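# Structural description and commentary
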Amino acid sequence: MHKNILSVLTLGIVVLLTGCNNSKEYPENTINPEIQQILSEHLSVAADKYQTKSVVGIIMETNTGNIIAQVNPDAALDLYEFGSIFKIFNTAMALENGLADKKYTVNEPYDIRDKNGNLILKIQDVPSFKAPAPQISASDIMKHSCNVGSAQIALDLPEGAQQEFFERVHFDRKLDLDFGTTRYPILSEKWSVANRAKASFGDGLFVSPVHLIAAVNAMANDGIYVYPKTNTSTETPKSERVISKSVSKQIREIMRQVVEETSGKKAKIDGVEIGGKTGTIEKRQSDGTFRRNQVLTSFVAVFPADKPQYTMLIVFDEPSAIDVSFGWKTAAWNVVPVSGEILKDIVPILIK
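The buried count for strand 15 (residues 310–317) comes to eight of eight residues, which makes it a mostly enclosed element. Of the pairings in the sheet, the one linking strand 1 (residues 54–61) to strand 15 comprises eight bridges and is antiparallel in character. Within strand 15, the residue paired with G57 across the bridge is I314.

This is the structure we're talking about:
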């Protein structure tokens, strides 16, 4: 067994399932022991298979915020840079601000220049990205996970829109939850043109997995933000609307297309449509430069995609390339297929 999974299993099974196995002593625990066992076992195997530094897994009821399974709760409270999952939020902002029908040129790098024409930042996509057309819409930019298009959307938004949106989804504060307190997220100190462009695909923004799943859950939950919890008696702040029902419906449909057509295809299962979004980002060193060949991969899923009942987030910290991934370390080759296997096992139990 991978050494880093030992603490995960200790936290995930011994602590949480102990509460569930004694309904008289712990009647209000939200953890579902069967789902917890499945999640823990899959992530234990995955940590060995991909030789990860650590893994995180959270499965939450969409409408209530009840966490029904959680692996590595301590890590779920720490901060990570999640990369392209932030395109969900960038797309929601595009839809809110009337940019749904605008087409963006995405078949070449995008240069950001100052007023004197000097190059500030060159935005480009990963080598594996293939533009489906020279110009595509905001929904296709998210579906195909295009950095070049995402940056252009961000710079079309009204000044201050990103900062205000991230405040709406609580990325401006720590979360005090019944299973621990997160650290304060790290956002841009100055919302310069370059920082706004990079924020569109999650570059330079650090939030906890709990922050992330709660915010994505709101995008799928008809726009309603609910606080995660592990005890049904926990009093949380009142649920609040953060985006419109219409925007939420459109985001769900794009997430469904991600799983049906693009980077999330290995999470597709029979019988229930899944919505999702991948994230892969190179990790940073203490001086802010990227560590070559060390990545964080993640996948967030909502199901059923048309009217979600559950939201799931899986995170792999520093997965290794293995034979079956053909040398790739991106989310589509590790965290997504593992998520698909988890979904195959839990959906028949949860969705009747």
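Next, the rest of the story.
A full pass over the atoms with the stated rule returns 13 aromatic pairs. Taken together, a centroid distance of 5.3 Å and an interplanar angle of 85° make the contact between F86 and F89 edge-to-face. A ring pair is formed by F89 and F165, whose centres lie 6.3 Å apart and whose planes are at 45°; its orientation type is tilted. Of this pair, F89 sits in helix 4 (residues 87–96) while F165 sits in helix 7 (residues 161–168), and the two are 76 residues apart along the sequence. One aromatic cluster is present, built from ring pairs that chain together F86, F89, F165, F166, F171 and W191.

Of all ten residues in helix 6 (residues 147–156), eight are buried, a share of seventy percent or more. Taken as a whole, helix 6 has its buried residues at N147, V148, G149, S150, A151, Q152, I153 and A154.

With that settled, consider the side chain of N221. Positionally, N221 belongs in the loop between helix 9 (209–220) and strand 11 (224–225). Those residues in contact with N221 that sit more than four places away from it in its chain are T62, N63, V226 and S248.

Most peptide bonds are trans, and most residues other than glycine sit at a negative phi. In this structure, P304 follows F303 across a cis peptide bond, with omega equal to -15°. Tracing the chain through its elements places P304 in the loop between strand 14 (290–303) and strand 15. For N72, which is not glycine, the phi dihedral falls at a positive 70°. Structurally, the position occupied by N72 is in the loop between strand 2 (67–71) and helix 3 (73–76). The exposure class assigned to N72 is buried, which follows from its relative accessible area of 8%. Of note in the backbone geometry, S145 takes a positive phi value of approximately 55° without being a glycine. By secondary structure assignment, the location of S145 is in the loop between helix 5 (138–143) and helix 6. The buried category is assigned to S145, whose relative accessible area is 19%.

Below, the discussion takes up the packing of helix 4 against helix 10 (residues 245–261). How two helices pack is summed up by the angle between their axes together with the distance between the axes. Between helix 4 and helix 10, the shortest axis-to-axis distance is 10 Å and the interhelical angle comes to 135°. Considered as vectors, helix 4 and helix 10 are oriented oblique to each other. Relative to helix 10, helix 4 is oriented so that their crossing is right-handed. Facing helix 4, whose interface residues are I88, T91, A92, L95 and E96, helix 10 presents V247, Q250, I251, I254 and M255.

The end-to-end C-alpha distance of helix 11 (residues 335–350), which contains 16 residues, comes to 21 Å, matching closely the 22 Å that a straight helix rising 1.5 Å per residue would cover. By the largest-angle criterion, K344 marks the main kink of helix 11, which is about 30°, and a proline, P348, follows within four residues. Among all positions in helix 11, only V335, V336, P337, V338, S339, G340, I342, L343, I346, V347 and L350 are buried.

Scoring rules and cut-offs
- Residues numbered from 1 in each chain as written.
- Predicted model: local features only at pLDDT ≥ 70, side-chain atom pairs only at ≥ 80, totals over all residues.
- Heavy atoms only, no water.
- Buried < 20%, exposed > 50% of the residue type's maximum accessible area, 1.4 Å probe, protein only.
- Helix = DSSP H or I, 4+ residues; strand = E, 2+ residues; numbered from the N terminus.
- Pairing = 2+ DSSP bridges.
- Phe/Tyr/Trp six-rings, centres within 6.5 Å; stacked < 30°, edge-to-face > 60°.
- Contact = heavy atoms within 4.5 Å.
- Axes fitted to C-alpha atoms, helices over the stretch in contact; angles between N-to-C directions.
- Parallel < 35°, antiparallel > 145°, perpendicular 65-115°, else oblique.
- Left-handed = near helix turned anticlockwise from the far one by under 90°.
- Expected span 1.5 Å × (residues − 1).
- Bend = angle between axes of the 7 residues up to and from the residue.

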